[in-house]
Amino acid sequence: MRDLSRFAWLSVAAAVVTIVLKFAGYRVTGSVGLLSDAAESLINLAAALVAVFVLKVIARPADRDHEFGHSKAEYFAAGLEGALILVAAAYIIYASVMRLLEPQPIEGIGLGMALTVLASAINGVVAVILMRAGKRHRSITLTADGKHLMADVWTSGGVIVGGFLVWLTEWWWLDPVIALLVALNILVTGNKLVWEAGGGLMDKAMTGQDREDVDAILDRHRDPDRRIDVHEIRTRISGRQEFIEFHVLVPGKWSVEHGHDIVSAMEDDLRERFPGVHISSHLEPIEDERAYDDVDL
């Protein structure tokens, strides 16, 4: 598989820059809202470093110990990123509750917010690049990292607006309340990533239009008059790799070559729709009862 780690290195660079900017903003203002935003950037850095490693792993070719490749490593990265986000949310909640019990005034709001706006702009640009690359290369790791950064952008936007409101109204208790809202938003993002990773590790099947196209392509090759049928259709997705399995039923008197031609035509049509797909097919005599033993699996 193609090495996509260069995109993850872009995320690492963005995380380092935004950490510096956001913590500088926190130091200037003393806002716990900005502190929560800066804490999430630390998670961004950890997630980006994990993504670099994982994208290097999945680019390796199949070997004796991993004959189907290393594509599932992407789900470990997405799951770890989700877990790190949940840890960040827990820290933000703790810091917010402590500040809510003892509200403090915010100072230097103009410079602090300017630094946060700059950091958010950087994250926004990198997030778009990562999500586009993830969609183009079917990489759950890049997509997850991009979504995480975009969630960070929206979070920062809320913190910025809230910070100005706190400064204008001098309702110092509003600062930790905003941070708590940020934490809730982060919890939702982390939870989604963990569930998506779990679905991939559990060999989640193709869904939506992809699965409909698999069934439609194979259905076109069914021919009752010639006694050609297909069953045992199974699909799964492992990172960027797609897998399709099916059994083809043909008259037992046919030659192996004739049956193979039928199967090859089906596989060619599937590969045209799903480039790079791994296909496992099995040819069976339609009259043999043993061909239907596992039809309900």
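Residues numbered from 1 in each chain as written. Predicted model: local features only at pLDDT ≥ 70, side-chain atom pairs only at ≥ 80, totals over all residues. Heavy atoms only, no water.

On a plain count of helices and strands, the protein chain comes out with 8 helices and 3 strands. Its helices and strands taken in sequence order, the protein chain reads α-α-α-α-α-α-α-β-β-α-β from the N to the C terminus. The globule rule puts the C-alpha radius of gyration for 297 residues at 19 Å, and the 26 Å found for the protein chain is more than 25% above it. Taken along the three principal axes of its C-alpha coordinates, the protein chain extends 85 × 35 × 30 Å. Here the protein chain holds 297 residues, and 47% of them are scored as buried. The long-range share in the protein chain, meaning contacts at least 24 apart out of those at least 6 apart in sequence, stands at 75%. Taken as a whole, the protein chain presents about 15100 Å² of accessible surface, with 62% of it coming from carbon and sulfur. Charged side chains of the protein chain number 28 positive and 40 negative; the gap between the two group centres comes to 5 Å. (Helix = DSSP H or I, 4+ residues; strand = E, 2+ residues; numbered from the N terminus. Rg over C-alpha atoms; globule rule 2.2 N^0.38 Å. Buried < 20%, exposed > 50% of the residue type's maximum accessible area, 1.4 Å probe, protein only. Contact = heavy atoms within 4.5 Å. Areas by Shrake-Rupley, 256 points an atom, 1.4 Å probe, with all protein chains shown as cover. Lys, Arg positive; Asp, Glu negative; His and termini not counted. Charge placed at Lys NZ, Arg CZ, Asp CG, Glu CD.)

Moving on to the sheet that holds strand β3 (residues 278-285). Pairing in this open sheet of 3 strands is mixed, and the strands run β1-β2-β3 from one edge to the other. Two strands bound the open sheet, and with one partner strand each, they are β1 (229-238) and β3. Pairwise comparison of adjacent strand axes, ignoring direction, gives a mean angle of 10 degrees for this sheet. Bridging between β1 and strand β2 (residues 241-250) involves 8 bridges; their strand directions are antiparallel. (Pairing = 2+ DSSP bridges. Axes fitted to C-alpha atoms, helices over the stretch in contact; angles between N-to-C directions.)

On the surface, a cluster of nonpolar side chains totalling about 570 Å² of accessible area is made up of Tyr 91, Ile 93, Tyr 94, Val 97, Met 98 and Leu 101. Of note, Tyr 91 is situated in helix α3 (residues 73-101). (Patch = residues over 30% accessible without salt bridge, like charges linked within 9 Å, V, L, I, M, F, W, Y side chains within 5 Å. Salt bridge = Lys/Arg side-chain N within 4 Å of Asp/Glu carboxyl O.)

Attention now moves to the pairing of β3. Bridge analysis of β2 against β3 gives 8 bridges, and the strand direction is parallel. Bridged to Ile 244 within β3 is Ile 279. Between the parallel pair β2 and β3, the chain is carried across by helix α8 (residues 256-273), and the sense of this crossover is right-handed. (Right-handed = clockwise from strand over helix to strand, strands pointing away.)

Here helix α2 (residues 32-58) is 27 residues long and its end C-alpha atoms lie 39 Å apart, about the 39 Å a rise of 1.5 Å per residue gives. Counting buried positions along α2 gives 20 out of 27 residues, so the element sits mostly inside the fold. (Expected span 1.5 Å × (residues − 1).)

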